[in-house]
Amino acid sequence: MDSEKEAKKPDTERILNIAIEAGHILLENGAEIFRVEETMERIAGYYGVDEKEFYVLSNGIFATGKSFAGVRQISVSSGARLDKIVAVNQLSREIAEGFYTPSEAEEKLRQIRDMRDKRHIMQILASGVGSAGFSILFGGSFKDAGVALAAGIILYVYVLYISGPHLSKIPGNIFGSSVVTLICIICYRIGLGDSLSHMIIGAIIPLIPGVEFTNGVRDIAYGDYLSGFIRLLDAILVFVSIAIGVGVVFLIYRHAFGGTII
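### Some details on the state of the cysteines
- Scanning all chains against the criterion turns up zero disulfides.
- Residue C184 stays outside any disulfide, its sulfur separated by 6.6 Å from that of C187, the closest cysteine.
- The exposure class of C184 is buried, given its relative accessible area of 0%.

### A word on the packing of helix α8 (residues 169-189) against helix α11 (residues 225-257)
- The contact between α8 and α11 brings their axes to 7 Å, and the two run at 40°. In this view, α8 runs oblique relative to α11, as classed from their interaxial angle. Taken as a pair, α8 and α11 cross one another with a handedness that is right-handed. Between α8, through K169, I170, N173, I174, S177, S178, T181, L182, I185 and R189, and α11, the contact on the second element is made entirely by D234, V238, S241, I242, I244, G245, V246, V249, F250 and Y253.
- Partitioning the contact of α8 with α11 into residue classes produces 11 nonpolar, six polar and three charged.

### Let's talk about the nonpolar core
- In this structure, V36, M40 and I61 are the most contacted members of the largest nonpolar core, which totals 31 residues.
- Listed by contribution, the elements that provide at least two residues to this core are α2 (12-28), α3 (33-46), β1 (52-57), β2 (60-65), α4 (82-96) and α5 (102-113).
- Top contributing element to this core by residue count: α2, with nine residues.
- The residues contacting M40, other than those within four sequence positions of it, are A19, I20, G23, F54, V56 and I61.
- Counting residues in hydrophobic clusters, the runner-up holds 21 residues, among them V147, C184, V249 and Y253.

### Considering the packing of α2 against α5
- Where α2 contacts α5, the two axes come as close as 10 Å, and the packing angle between them is 20°. Judged by the inter-axis angle, α2 sits roughly parallel to α5. For the pair α2 and α5, the crossing hand works out as left-handed. Here R14, I15, I18, E21, A22, H24, I25 and E28 of α2 come into contact with α5, specifically with P102, S103, A105, E106, L109, I112 and R113.
- Classifying every residue of the contact of α2 with α5 by side-chain character gives eight nonpolar, two polar and five charged.

### Re the environment of F54
- Residue placement: F54 occurs in strand β1.
- Taking the relative accessible area as the measure of exposure, F54 reaches 10% and is therefore buried.
- For F54 and V71, which are 17 residues apart along the polypeptide, the C-alpha to C-alpha distance reads 10.0 Å.
- With residues up to four places along the chain from it excluded, the contact list for F54 reads L16, A19, E37, M40, E41, A44, F62 and A63.

### Details of the pattern of salt bridges
- Applying the stated criterion across every chain, the model contains 14 salt bridges.
- The salt bridge partner of E28 is R113, with a shortest N-O separation of 2.8 Å. Taken together, the residues E28 in helix α2 and R113 in helix α5 connect sequence positions 85 residues apart.
- With a closest N to O distance of 2.8 Å, E32 and R35 form a salt bridge.
- Taking the relative accessible area as the measure of exposure, E32 reaches 5% and is therefore buried.

### Side note on the side chain of S178
- Mapping S178 onto the fold places it in helix α8.
- Reaching out from S178, the side chain makes a polar contact with the backbone oxygen of I174 at a distance of 2.8 Å.
- Apart from residues lying up to four places away in sequence, S178 is in contact with G245 and V249.

Scoring rules and cut-offs
Residues numbered from 1 in each chain as written. Predicted model: local features only at pLDDT ≥ 70, side-chain atom pairs only at ≥ 80, totals over all residues. Heavy atoms only, no water. Disulfide = S-S within 2.5 Å. Buried < 20%, exposed > 50% of the residue type's maximum accessible area, 1.4 Å probe, protein only. Axes fitted to C-alpha atoms, helices over the stretch in contact; angles between N-to-C directions. Helix = DSSP H or I, 4+ residues; strand = E, 2+ residues; numbered from the N terminus. Parallel < 35°, antiparallel > 145°, perpendicular 65-115°, else oblique. Left-handed = near helix turned anticlockwise from the far one by under 90°. Contact = heavy atoms within 4.5 Å. Nonpolar A, V, L, I, M, F, W, Y, C, P; charged D, E, K, R; others polar. Core = buried A, V, L, I, M, F, W, Y, C linked by side-chain atoms within 4.5 Å. Salt bridge = Lys/Arg side-chain N within 4 Å of Asp/Glu carboxyl O. Polar contact = N/O pair within 3.5 Å; in protein donor to acceptor, adjacent residues only side chain to side chain.

Right, dumping it as structure tokens:
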């Protein structure tokens, strides 16, 4: 009943700010454009704001209403927090069912924004296990998977403590892929693995922006061409950076020792 009373006399600025905040959390954590717009429309519509327009890009949200205009700049997603996306989606559905007043929705959004990342040790172990699993999936042996496991663990230590805090995306991925390639080459040369290519492919997987690439394709499929191409370009830059890192290490090895290693 309280939520129904608040919805009858909407504070347009407040409601649109709630919708913008929900969209912001979704967008910065890797949600598709159509999902962001749908969620914002659902929230604003339930609270009685009928005169509103939302325009969402991959790095910004524009919202207008009666005597209100809001803009929110958002960095292009560098990763996906699916738990936050699910939480905001669930919140928007519960708002539409009348479970939250605007005040309660604001508090819930604050709680979602403050959700902690997985512990670093869990992320590092997941990177290693994922690397080993993909190495086997692409045809590598268990020895190759063991090297990929170690390289994936070292890679994510680098991502969490060096690349993430101190480097931008392009140099971070170049150096990260170089580190992985160097580790795999050393292990291959001392006989710890059977196939260098399978070791590198598995170990490099944690750097691959699969979610960003997929969402870019989905955005284009839904007609959000500008946002889709921005996301695809961002993903392609990461792919190129990874290729540069791997290629540079191979070139240095070849010039230093001659011959080939594969």
